[in-house]
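# Understanding the architecture of this molecule
Single-letter residue listing:
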Amino acid sequence: MTQFLMPSTAHRAALNQCWAGLMLEELSRLGVRDVCIAPGSRSTPLTLAAANHPNLTLHTHFDERGLGFLALGLAKASDSPVAMIVTSGTAVANLLPAVAEAGLTGEKLVLLTSDRPTELIACGANQAIVQAGIFSSHVTAYHDIPTPSLDVPAAWLLTTMDEAMHQQRLLGGAVHFNCHYPEPLYGEECAFDGYLAPVSQWQADTAPYLAFQSVSSAAQPRLDLGLWSAITQERGVIIAGKLAPHEFAAVEALAQYLGWPLLADPQSGGTTAYQGFDVWLQNADCQQHLSQADTLLQFGARIVSKRLGQFIAATDWSHYWLIDPSIGRLDASHRRGMRIQANVKDWAEQALATCEQFSVEPSHQGWAKALEGASMRYRQLLQSHTEQLCELSIADHLPSWVPADTEWFLGNSLIVRLLDMCGSLPTAVTFANRGASGIDGLIATAAGVQRARQAPLVVLLGDTSLLYDLNSLALLREASIPIVVLVTNNDGGGIFDLLPVPNAQRDDFYRMPHGLDFQHAAAMFGLGYACPQSLSQAEDAVRLGLAHAGATLIEVKTPAGEAGETLKALFAEVKNAALL
């Protein structure tokens, strides 16, 4: 029997009001004291939230153009951010002159514009214009705030505001939050206690949800000695995510001094005694042991392990500091913490120097030492699955075949996850395209890396990735330095064997078997080629390829679905094993 799902309007007005209240509260914590309001119905949630806030002074005007310049004057005289609330339609457009002025002179304006829900845009609905990007380059930051939903965490809303306001602190000018509110706009009340539980700590204090610290390349990182000393007395975990070449050693040295476990991502350029955490985190005893941690220091972002990301999201950290030189939010779990924009090597070295200078003695050195044994016992289980040639055995054994001066380029999809599960990568310069994590352009990117670095390179990727960028093999023809491209050919997208896609459509719409091999592609582009039939032959091919100038394509053929079945068996063993 077909079930028809009707859209729910229950608590819609109350949820609109809840989101607006979160926004005005966070703006207050970020320094907004004055709010300028023009009349309007669609902006009711924002207007009522501002009116109900005890720390905000309200200013009203019937003309949005004049309202914009009123706010500009307040911001100019107070040197503080000033918010404006207007309804939808041309009310928003009338703010442009003041916004353009602020863009040139740096006054800090916060534009809270109300909008129709997305389904009412560009369909003939009343007072609905396209407001997304209406201020173009005149604003420092823009965010389209969706229709309030219990499926979107409150933490996302807070971190979105925090990041935009941080950019404003650095650059000045206006920031624009375009808020989509559906009707009804008035009436009901609802507490939403369960929905707001993840931000209850924020509700209980008066500080912004996220804190930021920016360190220029010419400046030494600033450490609050009292806070840093207190953190070193806690049980901590350090994560090494995507790091620049030669940064891993500084992070490793800090972890050793503190006596905290260091979990190294494949992109970090190093490995530790806690390798294989992506798999042993599936073991309840191991996860419970690691959950004793109070503090997380994360160096570099965009970690590969989904299970590690889930662990970060589920843990109630007393301190969560993410250190990375990039601008912007890098925590998909939207946890409360400190976002430190700094050079990883400089920050880690300064933190270690501070410990040594002031004789800081960490209280919980080696608190997670038992997990080193768990990692070792996991490795023993892994070995029983990697004795024959397969994708998992390639990920496990390849690092031992590669000379120390060789650099790495890691593909996406299944292969980088296998490396993460094995965790045996050496300390080496490592590159990957883990921003969008696409499978396009990997060969071309690797070619560019080697031309810039002028070092031997191993490229590891899957068959679909190679098919996607096959023409870029032409870029490897003139290589004068060894480059080995090792492709695991499982006849399609093997990653989908690990995902809950519909079995009936797995091959047709997900794996998409191609039935191809790459011998003729190598010949077409004049590359060396090998297709090993055993682990020993694969080792010989890799060593030979890296011993000679030029490019070699090594194709490891495995049965479709084999990797997925192997991993499922391994996961079941690890989940029930006595690792601690």
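Residues numbered from 1 in each chain as written. Predicted model: local features only at pLDDT ≥ 70, side-chain atom pairs only at ≥ 80, totals over all residues. Heavy atoms only, no water.

## Things to note about the overall build of the protein
- Within the protein one finds 23 helices and 18 strands.
- Taken over the C-alpha trace, the protein has a radius of gyration of 27 Å; the compact-globule value for 580 residues is 25 Å, and the two agree within 12%.
- Along the first, second and third principal axes, the C-alpha atoms of the protein reach 80 × 60 × 55 Å.
- Buried residues in the protein amount to 53% of all 580 residues.
- Looking at the protein, you have 34 positive and 56 negative side-chain charges, and the mean spots of the two groups are 2 Å apart. (Helix = DSSP H or I, 4+ residues; strand = E, 2+ residues; numbered from the N terminus. Rg over C-alpha atoms; globule rule 2.2 N^0.38 Å. Buried < 20%, exposed > 50% of the residue type's maximum accessible area, 1.4 Å probe, protein only. Lys, Arg positive; Asp, Glu negative; His and termini not counted. Charge placed at Lys NZ, Arg CZ, Asp CG, Glu CD.)

## Some remarks on the environment of Pro-39
- Relative to the elements of secondary structure, Pro-39 occurs in the loop between strand E1 (34–37) and helix H2 (44–51).
- Sequence spacing of Pro-39 and Gly-328 is 289 residues, and the spatial spacing of their C-alpha atoms is 34 Å.
- Residues contacting Pro-39, with those up to four places away along its chain left out, are His-61, Phe-62, Glu-64 and Thr-87. (Contact = heavy atoms within 4.5 Å.)

## Some thoughts on the pattern of salt bridges
- Across all of its chains, the model carries 14 salt bridges by this definition.
- Among the salt bridges present, the one from Glu-183 reaches Arg-42, with a minimum N-O distance of 3.3 Å. Of the two residues, Glu-183 sits in the loop between strand E6 (174–180) and helix H7 (193–196) while Arg-42 sits in the loop between E1 and H2, which places them 141 residues apart along the sequence.
- Salt-bridge contacts for Glu-539 lead to Arg-543; the nearest nitrogen and oxygen are separated by 3.0 Å. Of this pair, Glu-539 and Arg-543 are both found in helix H22 (residues 535–547), four residues apart, which corresponds to roughly one turn of the helix.
- Here Glu-539 falls in the partly exposed class, since its relative accessible area comes to 25%.
- One salt-bridge network, in which partners are shared between bridges, spans Glu-25, Arg-29, Asp-205 and Arg-336. (Salt bridge = Lys/Arg side-chain N within 4 Å of Asp/Glu carboxyl O.)

## Details of the layout of surface pockets
- Considering only enclosed or pocket space, the largest pocket measures out at about 770 Å³ in volume.
- Around the largest pocket, the lining is made up of 28 residues, and of these Ile-303, Val-304, Ser-305, Lys-306 and Arg-307 lie nearest the centre.
- For the lining of the largest pocket, the elements supplying multiple residues, two or more each, are helix H13 (306–314), strand E11 (319–324) and helix H17 (414–422).
- The element that contributes the greatest number of residues to the lining of the largest pocket is H13, accounting for five residues. (1 Å grid on protein atoms, 1.4 Å probe; cavity = no way out; pocket = protein on both sides within 12 Å on 5 of 7 lines; lining within 4 Å. Points joined across faces, edges and corners; volume = space filled by probe spheres on them.)

## Here's the deal with the sheet that holds strand E10 (residues 295–299)
- In spatial order, the strands read E7-E12-E11-E10-E8-E9; together these six strands make up an open sheet with parallel pairing. Across the chains shown, the open sheet's two edge strands, defined by having one partner strand only, are strand E7 (210–214) and strand E9 (262–264). Taking each pair of neighbouring strands and ignoring which way they run, the sheet shows an average axis angle of 15°.
- Here five bridges tie E10 to E11, and the two strands are oriented parallel to one another. Looking across to E11, one finds that Phe-299 is bridged to Ile-323. (Pairing = 2+ DSSP bridges. Axes fitted to C-alpha atoms, helices over the stretch in contact; angles between N-to-C directions.)

## Here we look at the sheet that holds strand E14 (residues 430–432)
- Pairing is parallel in the open sheet, where six strands are placed in the order E14-E13-E15-E16-E18-E17. What marks the edges here is a single partner per strand, and that holds for E14 and strand E17 (528–530). Here the strands of the sheet are splayed against their neighbours by 20° on average, with no regard to which way each runs.
- Note that strand E15 (residues 457–462) and strand E16 (residues 483–489) share six bridges and pair parallel. Paired with Gly-462 across the bridge in E16 is Thr-488.
- Strands in contact with H17 are strand E13 (407–410), E15 and E16; relative to E15, the strand with the most contacts, it is inclined by about 115°.
- Running at roughly 155° to E16, H22 makes contact with E15, E16, E17 and strand E18 (551–557) of the sheet.

## Focus: the nonpolar core
- In this structure, Trp-228, Ile-238, Leu-254, Trp-280, Phe-299 and Trp-347 are the most contacted members of the largest nonpolar core, which totals 96 residues.
- Filtering out sequence-adjacent residues up to four positions away, Trp-280 remains in contact with Leu-263, Tyr-274, Gln-275, Cys-286, Leu-371, Ser-375, Tyr-378, Val-574 and Leu-579.
- Met-23, Val-110, Ala-154 and Phe-192 belong to the second largest nonpolar core, which has 44 residues in total. (Core = buried A, V, L, I, M, F, W, Y, C linked by side-chain atoms within 4.5 Å.)

## So, the packing of aromatic side chains
- Under the defined criterion, the tally for this structure stands at seven aromatic pairs.
- Between Trp-228 and Trp-321 the ring centres are 6.2 Å apart and the planes differ by 25°, which places this aromatic pair in the stacked class. Residue Trp-228 is located in helix H9 (residues 225–232), and its partner Trp-321 is located in strand E11; the two are separated by 93 residues in the primary sequence.
- Residue class for Trp-321 comes out buried when judged on its relative accessible area of 8%. (Phe/Tyr/Trp six-rings, centres within 6.5 Å; stacked < 30°, edge-to-face > 60°.)

## Considerations on the packing of helix H3 (residues 64–78) against helix H5 (residues 96–105)
- As a packed pair, H3 and H5 sit with axes 8 Å apart at the nearest point and diverge in direction by 25°. Judged on the interaxial angle alone, H5 and H3 are roughly parallel. Across the interface between the two elements, Arg-65, Gly-68, Phe-69, Leu-72 and Lys-76 from H3 touch Pro-97, Ala-98, Glu-101, Ala-102 and Thr-105 from H5.
- For the contact of H3 with H5, the per-class residue count stands at five nonpolar, two polar and three charged. (Parallel < 35°, antiparallel > 145°, perpendicular 65-115°, else oblique. Nonpolar A, V, L, I, M, F, W, Y, C, P; charged D, E, K, R; others polar.)

## A short note on the environment of Ala-51
- Position of Ala-51 relative to the elements: it lies in helix H2.
- For Ala-51, a relative accessible area of 45% translates into the label partly exposed.
- For the pair Ala-51 and Val-35, spaced 16 residues apart in sequence, the C-alpha separation works out to 9.4 Å.

## Some thoughts on empty space enclosed by the protein
- Enumeration according to the criterion identifies five cavities of 30 Å³ or more in this entry.
- Taken together, 13 residues line the largest cavity, and the ones lying closest to its centre are Leu-210, Leu-322, Asp-331, Arg-335 and Arg-339.
- Counting only elements with at least two residues in the lining of the largest cavity, the list comes to E11 and strand E12 (337–341).
- At three residues, E12 tops the list of elements feeding residues into the lining of the largest cavity.
- Looking at the lining of the largest cavity residue by residue, the class counts come to five nonpolar, four polar and four charged.

## A closer look at H2
- Those residues of H2 not exposed but buried are Thr-44, Pro-45, Leu-46, Ala-49 and Ala-50.
- Buried positions along H2 lie against helix H1 (12–29), E1, strand E2 (57–60), strand E3 (82–86), strand E4 (109–115) and E6.

## Quick look at the pairing of E13
- Because side chains alternate across E13, one face comprises the buried residues Glu-407 and Phe-409, and the other comprises Trp-408 and Leu-410, equally buried.
- Here E13 runs beside E15; their pairing, made up of four bridges, is parallel. Of the residues in E15, the one forming a bridge with Glu-407 is Leu-457.
- Here E13 pairs with E14 via three bridges, running parallel. Considered in E14, the bridge of Trp-408 is made with Thr-430.
- At this point the chain moves from E13, through H17, to the parallel E14, and the crossover so formed is right-handed. (Right-handed = clockwise from strand over helix to strand, strands pointing away.)

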